[in-house]
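Next come the chains, spelled out residue by residue.
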Amino acid sequence: MHGRVKVKTTEQQEKERKIERTAKLKAYRQAMSTILSRRDEGHKDATQLKATAQVLQSNPDITTLWNIRKEVLLDIFKSDESASEKDTILAKELELTQSCLMVNPKSYGAWYHRTWSLQQMVNPNWNKELALCDRYLKLDERNFHCWDYRKWVASQAKVSCQNELEFTMEKIGENFSNYSAWHYRSKLLPILYPGHSAQTIQEDKVHSELDLVQNAAFTDPEDSSAWFYHTWLLGKEEERVKIVFCALQSDTLTLSLTKPVQNSQIVLKLNGEAKESVWTGEDDRFNSLWVTQISPPSDGKIEVSVEDQEVTLSLEKDKEESLVKGDGWKSLTNRFVNPPNHKTEEVLKQALENCSQLLELEPDSKWTLYTK
Amino acid sequence: MALGRKDAKIPEDSPTELLLEKHVEFIKKYGEDPDDYEYAMSDFLRMNGLYWGCSAMHLMGHIDKMDKSSVIQFLKDCQVENGGFRPVQGHDPHLLNTLSAVQIAVIFDCLDEIDEEGVVKYVKSLQTEEGSFMGDQWGEVDNRFTFCAVACLSLLGRLSELEVDKAADFVKSCLNFDGGFGSRPGAESHAGLIYTCVGTLAVTGHLHYVDADRLGWWLAERQLDSGGLNGRPEKLPDVCYSWWVLASLKILNRIHWIDKEKLKTFMLACQDNETGGFADRPGNM
């Protein structure tokens, strides 16, 4: 119902339209009534397939009709159809979804039915599916249904990430403003060129990617796709949780973290012995500040750890209070937790220089200003 | 090089005032003629449409204009044995309709008229091992369904019946480079899906999974020169995103990142001053 222009029509046109619509509605209701009552009577046959196909061609979003088709097909497959028969029958489903997608290339029902049909097939032709995706993406390079479908096909067909990366390059080459392609790259790069922790990318790859996206961004500074991607490449990585401090005040132990965690993630040891403890916080489940009551040994140590972070409080006789700072303490006082190394610093400086140059040409370029 | 940026144009004679009475009439009239073409041909969306209509009427202070008893009867007629709701009689149940039905029941304060236990059982049965939700027995997984499930049970006060942490972790696995979320892991960020994911995380107490500044910025950038909002970069504005984007920003406490006056101008221009109701953009149906 989106994207329909309101057009003024004459009385005559209105009349004709009404007649046409009345006929269409009658046909639709008749078809649906027949299909649904035959279903209630238990018919799972070619007639149902023919009838549902007819309605779906102009109404591909009627989920129930796709469901009926699946029921009929599963019933047909119960009988001993040889492998080739099954695939021939399912090929017809692919044809149907294809013509439905011409009517509505964003029909969830049609895309899912296609997916389901391929899952049922004995020998699916994945290359054909990739070619189909190519065609649809040529029509609309931002059709996320098609991109998602392509990713699924690629995983089933065991297409290499490298291949997919090249595909995104093709798409970007055709049109720099292809957010969907940049997005796909953001998923492929950490797999192909993993960095030192989850979801990060090898440094030299980040640099070459920056080069690539800068070309795009500077070709059309008003297009946002490349700029968003650019910002991500320049930005910080997601940090793991760190301990800010751990403090003991008589029998109260306080733990402060850089991110909220669950109390089940906290490990407490008193003089090397693990201690079960009840930690409390403002929220029932996730807190960045947790407190517990303990009976501290008169001397020795208290070790607290969360994931791979650990701090040790050394206790001294007659000292009631004690505080130890963790790695997270620095993040409160430093703007950049991990200062860039020399190579990265050079790249960032160049990026800044490029932005400044572009601003001389296009001083109102919003994206350039943000990025700078 | 200034290329034409995708955006809508606001015609000179566009409405500038809220035509509330016309909208009340539009919704009230909708469905009065069962043979109206648009109405009849969208019967497979009836339950969703009924929710949006009732919700709007309620916000406008005219819920009394809806026929409560026939709405309740409709809900009862659409709930099936497995607890799920159909969109309309004869069609199959689905999580999308189930949420709409529960939302309608809450608006009319008639939850006791539906089989709540049935709903809980149905929704629970659709959660997968990894924490995501299928829309129905046929297995399609999508974060629209994650939201439907948690919102539904949350409204019934039975959220604990689900594997809530798993659901939140599934949403987390859909986090993208831009701070947004898509329908499944690997899917591109989209304002509608962002609403469902941020909503899920809010309902389940996992909002800290979101980088609010980064996502807030991406959402704020949905606003175009016309004042309208689009659903993702380089797309045309559509008035429906006023809901998906603003609701998400509200949850993230960053609603002030949108230019309110410009958005208002755009939205008012989307009204149809003949029939009442809103089009997706000025000049459309």
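Below is a summary of the structure that appears in this document. Model, not experiment: these values are computed from the prediction. (Residues numbered from 1 in each chain as written. Chains lettered and ligands numbered in written order. Predicted model: local features only at pLDDT ≥ 70, side-chain atom pairs only at ≥ 80, totals over all residues. Heavy atoms only, no water.)

## A few points about the overall build of chain B
Per the secondary structure count, chain B includes twelve helices and zero strands. When the helices and strands of chain B are read in sequence order from the N terminus, they spell out α-α-α-α-α-α-α-α-α-α-α-α. Overall, chain B is about 55 × 45 × 30 Å in size when its C-alpha atoms are taken along their principal axes. For chain B, the share of sequence-separated contacts (at least 6 apart) that also reach a separation of at least 24 residues comes to 65%. (Helix = DSSP H or I, 4+ residues; strand = E, 2+ residues; numbered from the N terminus. Contact = heavy atoms within 4.5 Å.)

## Structural notes on the overall build of chain A
Counting its secondary structure elements, chain A contains 14 helices and eight strands. A compact globule built from 372 residues should have a C-alpha radius of gyration of about 21 Å, whereas chain A, at 31 Å, is more than 25% larger. Across its three principal directions, the C-alpha atoms of chain A cover 95 × 60 × 50 Å. The buried share among the 372 residues of chain A stands at 42%. If you take every contact in chain A between residues at least 6 apart in sequence, the share linking residues at least 24 apart comes to 60%. Summed over its atoms, the accessible surface of chain A is roughly 20500 Å², and 50% of this surface lies on carbon and sulfur atoms. (Rg over C-alpha atoms; globule rule 2.2 N^0.38 Å. Buried < 20%, exposed > 50% of the residue type's maximum accessible area, 1.4 Å probe, protein only. Areas by Shrake-Rupley, 256 points an atom, 1.4 Å probe, with all protein chains shown as cover.)

## Thoughts on the nonpolar core
Judged by nonpolar contacts, the single largest core of 146 residues is most densely connected at Val123(B), Phe133(B), Leu162(B) and Phe181(B). Ranked by residue count, the leading element in this core is helix α7 (residues 143-155) of chain B, at eight residues. Filtering out sequence-adjacent residues up to four positions away, Leu162(B) remains in contact with Val123(B), Lys124(B), Gln127(B), Phe133(B), Ala149(B), Val150(B) and Leu153(B). One finds Ile243(A), Leu253(A), Leu257(A) and Val306(A) within the second-largest nonpolar core, a separate group that totals 21 residues. (Core = buried A, V, L, I, M, F, W, Y, C linked by side-chain atoms within 4.5 Å.)

## Focus: the sheet that holds strand β8 (residues 321-325) of chain A
All names here are of chain A. If you trace the four strands from one edge of the open sheet to the other, you get β5-β2-β1-β8, paired in antiparallel fashion. The open sheet is flanked by β5 (287-293) and β8, the only strands paired with a single partner. In this sheet, neighbouring strand axes are inclined to one another by 15° on average, regardless of whether the strands run parallel or antiparallel. (Pairing = 2+ DSSP bridges. Axes fitted to C-alpha atoms, helices over the stretch in contact; angles between N-to-C directions.)

## Thoughts on the side chain of Thr64(A)
Assignment of secondary structure puts Thr64(A) in helix α3 (residues 63-78). One polar contact links the side chain of Thr64(A) to the main-chain amide nitrogen of Asp92(B), over a distance of 2.9 Å. Sequence-distant contacts of Thr64(A), that is, excluding residues within four places in its chain, are made with Leu36(A), Arg39(A), Gly90(B), His91(B) and Asp92(B). (Polar contact = N/O pair within 3.5 Å; in protein donor to acceptor, adjacent residues only side chain to side chain.)

## A few points about the pairing of strand β7 (residues 309-315) of chain A
Burial along β7(A) is one-sided: Gln309(A), Val311(A), Leu313(A) and Leu315(A) are buried, and none of Glu310(A), Thr312(A) and Ser314(A), which face the opposite way, are. Hairpin connection of strand β6 (residues 300-306) of chain A to β7(A): two residues between the antiparallel strands, including Glu307(A) at a positive phi of 50°.

## Brief notes about the packing of aromatic side chains
A complete count under the given rule lists 23 aromatic pairs over all chains for this structure. An angle of 20° between the planes, with centres 6.5 Å apart, marks the rings of Phe26(B) and Tyr30(B) as stacked. For the ring pair Tyr195(B) and Trp243(B), a centre distance of 5.5 Å and an interplane angle of 55° mean the geometry is tilted. On the criterion of sequence distance, the pair formed by Tyr195(B) in helix α9 (residues 191-203) and Trp243(B) in helix α11 (residues 241-251) is long-range, its members being 48 residues apart. Tyr195(B) sits in the buried class, given a relative accessible area of 12%. A relative accessible area of 42% places Trp243(B) in the partly exposed class. Put simply, the rings of Tyr179(A), Trp182(A), Phe228(A), Tyr229(A), Trp232(A), Phe177(B) and Trp217(B) pair up and form one aromatic cluster. In this structure, Lys70(A) packs its charged tip against the face of Trp116(A), placed 5.7 Å from the ring centre. Directly above the aromatic system of Tyr209(B) lies the positively charged group of Lys172(B), at a separation of 4.5 Å from the ring centroid. (Phe/Tyr/Trp six-rings, centres within 6.5 Å; stacked < 30°, edge-to-face > 60°. Lys NZ or Arg CZ within 6 Å of the ring centre and 35° of its normal.)

## Section: the packing of helix α5 (residues 95-107) of chain B against α7(B)
Residues and elements named next belong to chain B. Relative orientation of the contacting elements α5 and α7 amounts to 30°, with a least axis distance of 9 Å. The angle between the axes of α5 and α7 places the two elements in the roughly parallel class. Where α5 crosses over α7, the handedness of that crossing is left-handed. Residues Leu-95, Leu-96, Thr-98, Leu-99, Val-102, Gln-103 and Val-106 of α5 form the contact with α7, whose participating residues are Arg-144, Phe-145, Phe-147, Cys-148, Ala-149, Ala-151, Cys-152 and Leu-155. (Parallel < 35°, antiparallel > 145°, perpendicular 65-115°, else oblique. Left-handed = near helix turned anticlockwise from the far one by under 90°.)

## Quick look at the pattern of salt bridges
The tally for this structure, following the rule as stated, stands at 33 salt bridges over all chains. Among the ionic pairs, Lys171(A) bridges to Glu174(A), the shortest N-O distance being 3.2 Å. Highlighted residues: Lys171(A) and Glu174(A), both in helix α8 (residues 161-174), separated by three residues, approximately one helical turn. Residue Lys171(A) is classed as buried on the basis of its relative accessible area, which comes to 2%. Several salt bridges share partner residues, and in doing so they unite Lys6(A), Lys8(A), Asp272(B) and Glu274(B) into one network. (Salt bridge = Lys/Arg side-chain N within 4 Å of Asp/Glu carboxyl O.)

## A look at the interface of chain A and chain B
Taken together, the contacts link 57 residues of chain A with 54 residues of chain B. Here chain A meets chain B over a buried area of about 5200 Å², counting both sides, of which 51% is carbon and sulfur. For the pair chain A and chain B, the interface holds nine salt bridges. For the pair chain A and chain B, the interface holds 32 residue pairs in polar contact (both at pLDDT 80 or more). Looking at the side of chain A that touches chain B, the elements with two or more residues in it are α1 (11-40), α3, α5 (108-120), α7 (144-156), α9 (179-192), α11 (224-234) and α14 (366-371) of chain A. Here the side of chain A that touches chain B takes eight residues from α1(A), the largest share from any one element. The residue makeup of the side of chain A that touches chain B, split by class, is 20 nonpolar, 15 polar and 22 charged. (Buried area = accessible area lost by both parts, 1.4 Å probe. Nonpolar A, V, L, I, M, F, W, Y, C, P; charged D, E, K, R; others polar.)

Everything listed is a geometric property; what it means functionally is a separate question.
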